[in-house]
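# A look at the structure
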Amino acid sequence: MPIDSRVYLDSPTQTSTEAPGKVGEVRSYLDPTYGFQMYRLVLAGAAIAANRVVEWQAGITGAAIEVDSNFVPSVQVAGVAQNAIASGSYGWVCCSGICVVKTNASVLALAAAVTKGASGSGEVDDTDFGDVEESIIGYFPSAIGSATTGAIKLSGLL
């Protein structure tokens, strides 16, 4: 079987009702602001908003949805959507590198980014719990004030 030469994305913002590859496929992208990133192809099981953490749905369908509970183990996270993906459409989510994410509240610089403690769908927090190790998906390179969007360094959700 020949090796696929499509290892780089032209644009990670592309969405389509037709699959541009295999669900779960990972491609590289060189962002002009954040540098080297990796993106994973997902099929939206429901509408996904921009800058939201996306998890694989239960089952073997390959569909993904916004994180919908306040605790999701990092191994279940597909990535962070950088643009909206309509329900039933295919799109790319960042799974490694620096990207933009929606926070539940203000966060501290260099704090761990966790799904636990976030109350909004697809949001992250830096909540100081003693039992969040398995929900850590990265860290915040700089502080983010109030519930807004800002940079997150993902820890290679591969």
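Structure first, text after, so check above.
First, a word on scope: everything that follows refers to the structure included in this document. (Residues numbered from 1 in each chain as written. Predicted model: local features only at pLDDT ≥ 70, side-chain atom pairs only at ≥ 80, totals over all residues. Heavy atoms only, no water.)

### Concerning the nonpolar core
In this structure, Val53, Val101, Ile137, Phe140, Ile152 and Leu154 are the most contacted members of the largest nonpolar core, which totals 26 residues. Residue assignment for this core shows that the elements contributing at least two residues are strand S2 (35-44), strand S5 (77-81), strand S6 (90-102) and strand S9 (149-154). By residue number, the principal contributor to this core is S6, which donates six residues. Not counting residues within four places of it along the chain, the set of residues in contact with Leu154 comprises Val80, Cys94, Cys95, Ser96, Gly97, Cys99, Ile137 and Gly138. (Core = buried A, V, L, I, M, F, W, Y, C linked by side-chain atoms within 4.5 Å. Buried < 20%, exposed > 50% of the residue type's maximum accessible area, 1.4 Å probe, protein only. Helix = DSSP H or I, 4+ residues; strand = E, 2+ residues; numbered from the N terminus. Contact = heavy atoms within 4.5 Å.)

### Let's talk about the pattern of salt bridges
Per the stated rule, a full pass over the model turns up two salt bridges. The residue Glu25 makes a salt bridge to Arg27 at a minimum N-O spacing of 2.7 Å. Glu25 gets classed as buried once you look at its relative accessible area, which sits at 17%. Residues Lys102 and Glu123 are paired through a salt bridge, measuring 3.7 Å at the closest nitrogen-oxygen approach. One end of the pair, Lys102, is in strand S6; the other, Glu123, is in the loop between strand S7 (112-114) and strand S8 (136-139), with 21 residues separating them in the sequence. Of the two residues, Lys102 and Glu123, neither departs from the other in class, the shared state being buried. (Salt bridge = Lys/Arg side-chain N within 4 Å of Asp/Glu carboxyl O.)

### Focus on the packing of aromatic side chains
Within the structure shown, the criterion is met by one aromatic pair. Ring geometry for Tyr29 and Tyr39: centres 6.2 Å apart, planes at 85°, overall edge-to-face. Residue Tyr29 is located in strand S1 (residues 26-31), and its partner Tyr39 is located in strand S2; the two are separated by 10 residues in the primary sequence. No difference in accessibility class separates Tyr29 from Tyr39, as the two residues are buried. (Phe/Tyr/Trp six-rings, centres within 6.5 Å; stacked < 30°, edge-to-face > 60°.)

### So, a nonpolar patch on the surface
Residues Val7, Tyr8, Leu30 and Phe36 make up a contiguous nonpolar surface patch of about 440 Å² in total accessible area. Topologically, Val7 is positioned in the segment before S1. You can call Val7 partly exposed: its relative accessible area is 42%. (Patch = residues over 30% accessible without salt bridge, like charges linked within 9 Å, V, L, I, M, F, W, Y side chains within 5 Å. Areas by Shrake-Rupley, 256 points an atom, 1.4 Å probe, with all protein chains shown as cover.)

### Some details on the side chain of Ser28
Along the polypeptide, Ser28 turns up in strand S1. Setting aside residues no more than four positions away along its own chain, Ser28 makes contact with Val7, Tyr8, Leu9, Phe36, Gln37 and Met38.

### Some details on the state of the cysteines
Going through the model one piece at a time under the given rule, you end up with zero disulfides. Cys94 forms no disulfide, and the closest cysteine sulfur to it belongs to Cys99, at a distance of 3.9 Å. Cys94 gets classed as buried once you look at its relative accessible area, which sits at 0%. Its relative accessible area of 0% is what places Cys99 among the buried residues. (Disulfide = S-S within 2.5 Å.)

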